[in-house]
Amino acid sequence: MTGLPLHLRLRRALLVALILGLWAPAKIVWELQIAGRQNQLRYQGVTLTRHLRDQLGQGLSIGVLSGMGNVVADFVWLEVTVAWENEEWFRMGGLINLCTALQPRFITFWDMGAWQLAWNASVAATKDLSLPNPLRREKASRFWIDQGLAIFKRGIENNPESWRLWADTGWLYEQRLGDYRMAAYYYGEAVKRPNCPTFYERFPAIMYGLAGDDREAYAAWQALWTRLTPEQRSQIQHQPTPADLAKIRDLETKLSIPKEKRVFPN
Amino acid sequence: MITSLHRIIVIGRNTLTEAVRQKVLNVLLVFALVLVASSVLVSQLATPGLDNAGLFDPQIKFVKDFGCGAIGLFGFAIALLSTAQLIPDELGKRTIYTILAKPVRRSEFLLGKFLGVVLLVVLAVTLMSSAFGLSLYWQEVRGIAYADSIYGAGFPNFPEVVDRVHRYESEAAQIQARGGNAAAQMQEIRALDEKYRQEGVDSGAAKNSVEEESDWERCKGTVEAYDRDVRQIQDQVRDPQLIEAILLIFAKLIMTTGIALLISTFATSSIFTIVTTFMIYLIGHLESVARDVWLQRGAEVTIWQSGLLGLLSLLIPDMNSFTIVDEILAGNHVPWAHAVDLIGYASVYLVVLLAVSIVIFDYREI
């Protein structure tokens, strides 16, 4: 190659430069269009930041750089399970954050991660006898519930179309915090998402009932029925269950709803 | 044109035969197949001891990630090692002189060699994908067996219970499908429900409490949950989008092969080709970052840094876009149009790489 005459070398360089010069701008435009669509799909991919690099270590960072972020995330998730079995809650929390950073679009990482913290870590804190008194244990328990809630909320930010995350955040408010109004809000949002199981539709009404807000509860029951078209109302799958009907009748009596304004007057 | 194509095919076929005879590549392929198959065993570590349906999500994802990861990793190794040896081997054995002394153009020689590697990668990816398919099937069988053991616990004959509930559901669906008056339909379904309840099913439930849920209700509830979980497992395992994922992995592998071929046209050793291609592969995953910084140049980026980033963005392919495969493996929907666009990008990039390779190789002194 070194013996190639100068004019041939120049000719070769010019040809290569011409091909690349024609391709390079088109390449950038094409890549920007692909990136734009990926952003639209809410797929951002993993960018290896310094923070992530520090947490992963050198080996796993190369894995991420080689386009194997998903496999790395799976191995980190194995560590989450180990940390859970060993009751290393702080380590588990850090690992869950790492998994969700590596694969922010895998719902189970958010879902199970939040559950691990808000249920398992939190319940373990209530039994932690190394803490001096019940108040401290309660405080520690609440800390883990908040950590779980934060995971759910970040999960929703990354995956707003996931009914599962909305519904499970409602579940956390209901079961762990007893905040039925917030639970009603999150269940209500879950129902608006595609593929949400239909049984969740009645949850907001039930939650408002538990919160003692009878008017909101009745409005939610009413909305369940009134949103249906007359044709849907005649279909068997949309008929209220006897238990729901009993709840609606109770509320109508309690709120003294005039007969003509009742959902099911008869 | 036809004779030129014929020469390319002959060289390609010979390259494939030579590659298949290489022990290193075969060992790599065996490792890949073992790794893909073992993913099911390793996946069990993902969530041991849990007893709800959520159990299967991480396990199935693990098998998918492991399988596609192995296809990508070993496919990369096979493509890279075989391409890096193409020209240095021919030069070392001096066979290139014999070939080029015949009426074979350099471009035909290069394209033939490339075709051989592409065929090898197709073969390797097909074999690994078959192993991947089998391990997914194995995972499905395990998942359903686990669901059987969880939901069937306490039922003396669970398959019979499932069968009876399915028959009831099918008859109820027929009543609903007939349409008509909702109240009459409901009446009919209640009668059907009562008929099945009267027939009775031995659910193994304790019957010492009046308030206890009836056997039939328990059976219906259990089978409903069982069916939901089985469906969930099957939906994840038989996801047709996995074909899209494998095609994207293949497109990325072929693009990498093109880069290795380009480097090997001017490299003097295989090691140089392997190391340089690997570096470009890694940088390719950060190209999008370089491109963004270059295009949205802030005050903190000097003109030299910007120039370097611009050069990288203009020359290095965007490998990170192909990690959209992760999205598919996580169970999210990626439109086919987007996958086709990415495959188109890889194809055009490949044509450019081949064109540059031919230019460089044409002028190489051999």
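Residues numbered from 1 in each chain as written. Chains lettered and ligands numbered in written order. Predicted model: local features only at pLDDT ≥ 70, side-chain atom pairs only at ≥ 80, totals over all residues. Heavy atoms only, no water.

Chemist: Provide a residue-level description of the overall build of chain B, including the pertinent values.
Modeler: Helices and strands together make up the secondary structure of chain B, namely 14 helices and 0 strands. Starting at the N terminus, the α and β elements of chain B follow one another as α-α-α-α-α-α-α-α-α-α-α-α-α-α. Compactness check: chain B gives a C-alpha radius of gyration of 29 Å against a globular reference of 21 Å for 366 residues, more than 25% above the reference. Its C-alpha atoms put chain B at 95 × 55 × 45 Å along the principal axes. Sorting the 366 residues of chain B into buried and exposed places 51% on the buried side. Across chain B, the fraction of contacts at a sequence separation of at least 24, relative to all contacts at a separation of at least 6, is 79%. (Helix = DSSP H or I, 4+ residues; strand = E, 2+ residues; numbered from the N terminus. Rg over C-alpha atoms; globule rule 2.2 N^0.38 Å. Buried < 20%, exposed > 50% of the residue type's maximum accessible area, 1.4 Å probe, protein only. Contact = heavy atoms within 4.5 Å.)

Chemist: Break down a nonpolar patch on the surface for me, with residues and values.
Modeler: Residues and elements named next belong to chain B. A cluster of nonpolar side chains, Ile 243, Leu 247, Trp 336 and Val 340, forms an exposed patch at the surface whose accessible area comes to about 390 Å². Looking at the nonpolar patch, the elements that each hand over two or more residues are helix H9 (241-266) and helix H14 (336-362). Locating Val 340 in the fold gives a position in helix H14. A relative accessible area of 51% means that Val 340 is categorised as exposed. (Patch = residues over 30% accessible without salt bridge, like charges linked within 9 Å, V, L, I, M, F, W, Y side chains within 5 Å. Areas by Shrake-Rupley, 256 points an atom, 1.4 Å probe, with all protein chains shown as cover. Salt bridge = Lys/Arg side-chain N within 4 Å of Asp/Glu carboxyl O.)

Chemist: Account for the confidence of the model for chain B, with residues named and values stated.
Modeler: Residues and elements named next belong to chain B. Per-chain confidence: chain B averages 87 in pLDDT, with 93% of residues scoring 70 or above. Scored below 50 in pLDDT, residues 49-53 shows 9 contacts in the model against residues more than four places distant or in partner chains. Low pLDDT, under 50, characterises residues 206-212; the predicted model gives this stretch 2 contacts beyond four residues in sequence or across chains. (pLDDT = per-residue confidence, 0-100.)

Chemist: Could you give an account of the domain arrangement of chain B, naming the residues involved and the relevant values?
Modeler: All names here are of chain B. When cut into domains, chain B gives domain 1 (2-149 + 236-362) and domain 2 (156-230). Domain 1 and domain 2 are separated by 51 Å when their C-alpha centres are compared. Taken together, the contact between domain 1 and domain 2 spans 4 residues of the former and 4 residues of the latter. Buried area between domain 1 and domain 2, both sides added, is near 370 Å², and the carbon and sulfur share of it is 66%. Here domain 1 and domain 2 share 0 salt bridges between them. There are 1 residue pair in polar contact (both at pLDDT 80 or more) connecting domain 1 and domain 2. Residue composition of the side of domain 1 that touches domain 2, by class: 3 nonpolar, no polar and 1 charged. (Domains from an automatic or database assignment. Buried area = accessible area lost by both parts, 1.4 Å probe. Polar contact = N/O pair within 3.5 Å; in protein donor to acceptor, adjacent residues only side chain to side chain. Nonpolar A, V, L, I, M, F, W, Y, C, P; charged D, E, K, R; others polar.)

Chemist: Break down the packing of helix H4 (residues 89-102) of chain A against helix H6 (residues 134-158) of chain A for me, citing the residues and quoting the values.
Modeler: All names here are of chain A. Packing of H4 against H6 leaves a shortest axis separation of 12 Å and a crossing angle of 5°. In this view, H4 runs roughly parallel relative to H6, as classed from their interaxial angle. For the pair H4 and H6, the contacting residues are Trp 89, Phe 90, Ile 96, Asn 97 and Thr 100 in the first and Phe 143, Trp 144, Ile 151 and Arg 154 in the second. Its residues placed into classes, the contact of H4 with H6 shows 6 nonpolar, 2 polar and 1 charged. (Axes fitted to C-alpha atoms, helices over the stretch in contact; angles between N-to-C directions. Parallel < 35°, antiparallel > 145°, perpendicular 65-115°, else oblique.)

Chemist: Any chance you could break down the pattern of salt bridges for me, citing the residues and the numbers?
Modeler: Throughout the structure, instances matching the rule amount to 31 salt bridges over all chains. Between B:Glu108 and B:Arg105 there is a salt bridge, with the nearest N and O atoms lying 3.2 Å from each other. For B:Arg105, a relative accessible area of 52% translates into the label exposed. If you follow the salt bridges from partner to partner, you end up with A:Lys27, A:Glu31, B:Glu287, B:Arg291 and B:Asp318 in one network.

Chemist: Describe the nonpolar core, naming the residues involved and giving the relevant values.
Modeler: The biggest cluster of nonpolar side chains holds 83 residues, and the ones touching the most others in it are B:Phe132, B:Leu248, B:Phe322 and B:Tyr345. The biggest single contributor to this core is H9(B), with 14 residues. In terms of nonpolar packing, the next biggest core, distinct from the first, is built from 66 residues, A:Leu56, A:Trp77, A:Ala125 and A:Ala205 among them. (Core = buried A, V, L, I, M, F, W, Y, C linked by side-chain atoms within 4.5 Å.)

Chemist: Help me get a handle on helix H11 (residues 287-295) of chain B, residues and values and all.
Modeler: Because the α-helix completes a turn every 3.6 residues, residues three or four places apart line up on one side. Every buried residue of H11(B) is listed here: B:Glu287, B:Ser288, B:Ala290 and B:Arg291. The buried side chains of H11(B) occupy one side of the element, clustering within an arc of 160° when seen end-on. Tucked inside the fold, the buried residues of H11(B) contact helix H1 (6-40) of chain A together with helix H10 (270-284) and helix H12 (303-315) of chain B. (Arc of directions from axis to C-beta.)

Chemist: Talk me through the side chain of B:Thr256; I want residue IDs and the actual numbers.
Modeler: All names here are of chain B. Positionally, Thr 256 belongs in helix H9. The exposure class of Thr 256 is buried, given its relative accessible area of 4%. A polar atom in the side chain of Thr 256 sits 2.7 Å from the backbone oxygen of Lys 252. With near-sequence residues (within four places) excluded, Thr 256 lies in contact with Phe 76, Thr 277, Tyr 281 and Met 319.

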